[in-house]
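Commentary on secondary and tertiary structure
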Amino acid sequence: MLKGLGGLGDMAKMMKSAQDLQTKMTQMQDDLHNVMVTGESGAGLVKATASAKGELKALDIDPSIFNGDDKEVVEDLILAAVKDAQTKAADKAQEEMARLTESMGLPKDVKLPF
């Protein structure tokens, strides 16, 4: 009569694993605020530092690029450095996600809803 209930232990184990994963994901998301990446442009003349969450934290501009005639060049270098930092931030976040999912026995490229 209760023959089909043998899998409830597996279901409880699966729910516990999902709960553990969600806890670890939340912690990882919090940790990404503290992981910094630096993007560069113009051979290092402009450097943008961002958290792995993609929040711009610092901008370092070599004073040698300040020339009134080169305003557009400076703007392009700044934009390129920020984009580079954002790309590195996304890559770092993806790397941390892959590490977390793999540690939980899930495939690296699994897409989780949370």
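Residues numbered from 1 in each chain as written. Predicted model: local features only at pLDDT ≥ 70, side-chain atom pairs only at ≥ 80, totals over all residues. Heavy atoms only, no water.

Topic: the pairing of strand β2 (residues 46–51)
When a strand is regular, its side chains alternate between the sheet's two faces. To keep it simple, the criterion reads: Burial classification: accessible surface area is computed with a 1.4 Å probe over protein chains only, and a residue below 20% of its type maximum counts as buried, one above 50% as exposed, and the rest as partly exposed. Secondary structure elements follow DSSP: runs of H or I no shorter than four residues count as helices, runs of E no shorter than two count as strands, and numbering proceeds from the N terminus. We treat two strands as partners when DSSP finds at least two bridges between them.
Burial analysis of β2 places five of its six residues in the buried class, which makes it a mostly covered element. Across six bridges, strand β1 (residues 36–41) lies against β2 in antiparallel orientation. Opposite T38, over in β2, you have T49 as the bridge partner. Between the end of β1 and the start of β2, which pair antiparallel, lie four residues, with G42 showing a positive phi angle near 60°. In this structure, β2 lies alongside strand β3 (residues 56–61), joined through five bridges in antiparallel fashion. In the strand pairing of β3, A48 is matched with L59. Counting the residues that bridge the hairpin from β2 to β3 gives four residues, and of these G54 lies at a positive phi of roughly 90°.

Things to note about a negative patch on the surface
In plain terms, the rule: Like charges are joined within 9 Å and nonpolar side chains (Val, Leu, Ile, Met, Phe, Trp, Tyr) within 5 Å, but only among residues with over 30% relative accessible area and no salt bridge; these make up the patches. To be clear on the numbers: accessible area is Shrake-Rupley with a 1.4 Å probe, and residue cover counts the displayed protein chains and nothing else. We define a salt bridge as a side-chain nitrogen of Lys or Arg found within 4 Å of a carboxyl oxygen belonging to Asp or Glu. Two residue types count as positive, namely Lys and Arg, and two as negative, namely Asp and Glu; His and chain ends fall outside the count. In plain terms, the charge of a residue is placed at NZ if it is Lys, CZ if Arg, CG if Asp and CD if Glu.
On the surface, D69, D70, E72 and D76 cluster together into a patch of negative charge. Within the secondary structure layout, D69 lies in the loop between β3 and α2 (71–103). Judged by its relative accessible area of 67%, D69 is exposed.

Regarding unusual backbone geometry
A negative phi angle is the norm for most residues apart from glycine, just as the trans form is the norm for most peptide bonds. Here the phi dihedral of A43 falls at roughly 55°; this positive angle occurs in a residue that is not glycine. Within the element layout of this structure, A43 appears in the loop between β1 and β2.

Digging into the nonpolar core
So the rule is basically this: Joining through side-chain atoms within 4.5 Å is the link that ties buried Ala, Val, Leu, Ile, Met, Phe, Trp, Tyr and Cys residues into a set, and such a set is a nonpolar core. Whether two residues touch is decided by their heavy atoms; if any such pair falls within 4.5 Å, the residues are in contact.
Within the largest apolar cluster, nine residues are counted, these being V46, A48, A50, I65, V74, L77, A81, V82 and A85. Secondary structure elements with two or more residues in this core: β2 and α2. In terms of residue count, the dominant contributor to this core is α2 (five residues). Discounting chain neighbours no more than four positions away, the residues touching A85 are V37, G39, A48 and A50. Counting seven residues, the second-largest nonpolar core is a separate cluster that includes L21, M25, L32 and L100.

Fair warning: the whole summary comes from geometry, so function is off the table for now.
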